[in-house]
Amino acid sequence: MIKLSFGRRDLLVSKLKAGIVIGILWLAVLCAAGFLVFLGLDSYDKARARLSDQATSYAHLIAEHDRVGFNVADVILRDMLDYLTWDDFNGTMTPERRSKVLAYLRSHRDRLPGIASFTLVGADGIRRIGVIGKDFTNLSDRGYFLALRDGRDFFISNVEDGRASGKPGIHVARRVPAPDNSFGGVLVINLSADDVFVPFYKSLDLGKGYGTTLRDPQRILLSYPKYTLSAAPLKQRDKLGDRLAAGEDRGVLLTTDPADGIEKLTAFERLEGTNIFATASLPTREAMADARMLALGAIFSAIACLLGAMGATSA
C-alpha cells in the first residue's frame, strides 16, 4: 500500500491502483504532447508548401513569358534568313537592295515590341546593316558571334550592352550558312532587358527580398531586381546549377542566396525547347515566421507537459 497525505488526512492506495492512475496520466500527457507537436509541424509544413507553390507559380509565369519572347525572336530570324542572300552578308548591296532589306528588317522588328536592334553581321564580324545604330561596326568579339562562328546554329547570350542601340539586352542570334555550309555570318536580335523582361518581372510584385533569374547550369543570363552586364560564367556550379545539369525540368530547393546571405526557397522551370531555366526565389524568414513560432510553441508546450507528468509521477 502507498500512503498519500492530504493535510491532516492520510489515504491508503494500493500500488496497483496508483500504477493505473499514473499510467493513465502518462497516456493522456503523451497523447496531448504528440498532438501539439503534430499541430506545430503540420503548420510549418503547410506554410512551406504554400511558399513553394507560390515560387513555383512565379517560375512558371516567367518561363512562359520569356519562352514566348525567345520563340518569336527565333521565328523572325528564320523568316529573315529565307529573305536574305549571301551577298547581303558578304557582298556589296546596291542602294535599292539596301533600302528593301532595311524596310524588311523594320517590318519584322515591329512584330515583337522591345527589339532594341536587328542586325546583319558578315563572316568577318562587321555589321552590314541594321535598324538603329551605326553600320560597319566591328562585332567580331561579341559572344554570340564567337559561339556561332565556332559551330553553334543558335545562341542566346546573357544580358550585355547594346553596342548598336545603346540598350542592354539579351542577344538572340542565328548562324548564316555559306553555300558550302561553312560560316557565313550572323543575324542577331537584341531583346532589350528594360523593355521585354524587366516590366514583366516588376508586374509580378513578388515582395521584399525576392529574386528571379534566367540561367543555365553555368551562366546567369539575367537577374532581377538587379542584373550584371556581360557577367562571366560561374567558376563553380552551385546547388541549383547541379540540379539543372542533372536534367531536371522543374523543381524546388532551399538555398542561401550568395548575393545577400538570405535563406530562400527557389523554384525553377525549364523554358521548353531550350537549356535555359527561369527561377523565382522567395525569402523564408518572414513568410514562415508565424508558422515557425507556432511550431516552437507547440514543441515547448509538449516538453512542459512531459516535465509536469514526470513531476506528478515522482510525487
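One structure accompanies this document, and this report is about it. (Residues numbered from 1 in each chain as written. Predicted model: local features only at pLDDT ≥ 70, side-chain atom pairs only at ≥ 80, totals over all residues. Heavy atoms only, no water.)

Here's the deal with the pattern of salt bridges
Convention followed: Salt bridge, as used here: a side-chain nitrogen of Lys or Arg that lies within 4 Å of a carboxyl oxygen of Asp or Glu. Starting at the N terminus, helices and strands are each numbered in turn, a helix being any DSSP run of H or I of at least four residues and a strand any DSSP run of E of at least two. Three labels apply to residues, based on accessible area from a 1.4 Å probe with only protein chains included: buried if under 20% of the type maximum, exposed if over 50%, partly exposed otherwise in between.
Following the criterion strictly, the structure yields 20 salt bridges and no others. Among the salt bridges present, the one from Arg-78 reaches Asp-74, with a minimum N-O distance of 3.2 Å. You can see Arg-78 and its partner Asp-74 sitting in helix α1 (residues 15-83), four residues apart, about one turn around the helix. Exposure remark for Arg-78: the relative accessible area of 45% places this residue in the partly exposed category. Looking at Asp-74, the relative accessible area reads 13%, which means it is buried. Here Arg-250 makes a salt bridge to Glu-269, at a shortest N to O gap of 3.9 Å. Placement of the pair is Arg-250 in strand β10 (residues 250-256) and Glu-269 in strand β11 (residues 263-270), with a sequence separation of 19 residues. Owing to a relative accessible area of 52%, Arg-250 belongs among the exposed residues under this scheme. Taken together, the shared-partner salt bridges connect Asp-74, Arg-78 and Arg-174 into one network.

Here's the deal with the sheet that holds strand β4 (residues 127-131)
Strands belonging to one sheet form pairs held by backbone hydrogen bonds; the direction of such a pair is parallel or antiparallel. Quick reminder of the rule: A pair of strands is treated as paired once DSSP finds two or more bridges between them. Under this scheme, a helix contributes an axis fitted over its contacting stretch, all axes are lines through C-alpha atoms, and angles between N-to-C directions fall in the 0 to 180 degree range. Residues are treated as being in contact if the distance between any of their heavy atoms lies within 4.5 Å.
The strand order across the open sheet formed by five strands is β4-β3-β7-β6-β5, and the pairing between neighbours is antiparallel. The open sheet has two free edges, formed respectively by β4 and β5 (154-156), since each of these has just one partner strand. Strand-to-strand twist across the sheet, computed as the mean angle between neighbouring axes with direction ignored, equals 15 degrees. Pairing analysis gives seven bridges linking strand β3 (residues 115-122) to strand β7 (residues 183-192), with the strands arranged antiparallel. Of the residues in β7, the one forming a bridge with Leu-120 is Leu-187. Contacting β3 and β4, helix α3 (residues 95-109) runs over the sheet at an angle of about 50 degrees to β4. Running over the sheet, helix α5 (residues 193-204) touches β6 (169-177) and β7 and is turned about 50 degrees from β7.

Considering the sheet that holds β11
If you walk across this open sheet you meet the five strands as β9-β8-β12-β11-β10, and the pairing is antiparallel. The sheet terminates laterally at β9 (220-224) and β10, the two strands that pair on one side only. The sheet shows a mean angle of 20 degrees between the axes of neighbouring strands, taken without regard to direction. The pairing of β11 with strand β12 (residues 277-283) spans seven bridges and is antiparallel. Bridge pairing links Leu-265 to Leu-282 in β12.

Some details on unusual backbone geometry
In this model, Tyr-224 is joined to Pro-225 through a cis peptide bond whose omega is 20 degrees. Of note, Pro-225 is situated in the loop between β9 and α6 (239-245). With a phi close to 65 degrees, Phe-136 is a non-glycine residue in the positive phi region. Summarising the element assignment, Phe-136 is placed in the loop between β4 and α4 (143-149). Classification of Phe-136 by relative accessible area gives exposed; the value is 56%.

Digging into α3
The following threshold applies: To estimate the expected span of a helix, subtract one from its residue number and multiply by 1.5 Å. An arc is given here, and it is the one of the directions from the helix axis to the C-beta atoms.
Over its 15 residues, α3 runs 21 Å from end to end, which matches the ideal 21 Å to within 8%, given 1.5 Å per residue. Those residues of α3 not exposed but buried are Val-101, Leu-102, Leu-105 and His-108. Axial view of α3: buried residues confined to an arc of 130 degrees, hence all on one face. Away from the buried face of α3 by more than 90 degrees, exposed residues Pro-95, Glu-96 and Lys-100 are located.

Some words on the packing of aromatic side chains
Aromatic rings considered in pairs are described by the distance between their centres and by the relative angle of their planes. For clarity, the cut-off: Between rings of Phe, Tyr and Trp, where Trp is taken as its six-membered ring, a pair exists when centres lie within 6.5 Å; planes separated by under 30 degrees are stacked, by over 60 edge-to-face, and by other angles tilted.
Applying the stated criterion across every chain, the model contains six aromatic pairs. With centroids separated by 5.8 Å and ring planes inclined at 55 degrees, the aromatic side chains of Tyr-201 and Tyr-224 adopt a geometry described as tilted. Here Tyr-201 is found in helix α5, whereas its partner Tyr-224 is found in strand β9, with 23 residues between them in sequence. On the basis of relative accessible area, Tyr-224 is assigned to the buried category, the value being 10%. Geometrically, the ring pair formed by Tyr-210 and Tyr-224 is tilted, given 6.3 Å between the ring centres and 40 degrees between the ring planes. In this pair, Tyr-210 sits in the loop between α5 and β8 (211-215) while Tyr-224 sits in strand β9, placing the two residues 14 residues apart along the sequence. Residues Tyr-210 and Tyr-224 agree in their burial class; the two are buried. Joined through ring pairs, the aromatic side chains of Tyr-201, Tyr-210 and Tyr-224 make up one cluster.

As far as function goes, none of this settles anything; it's purely spatial.
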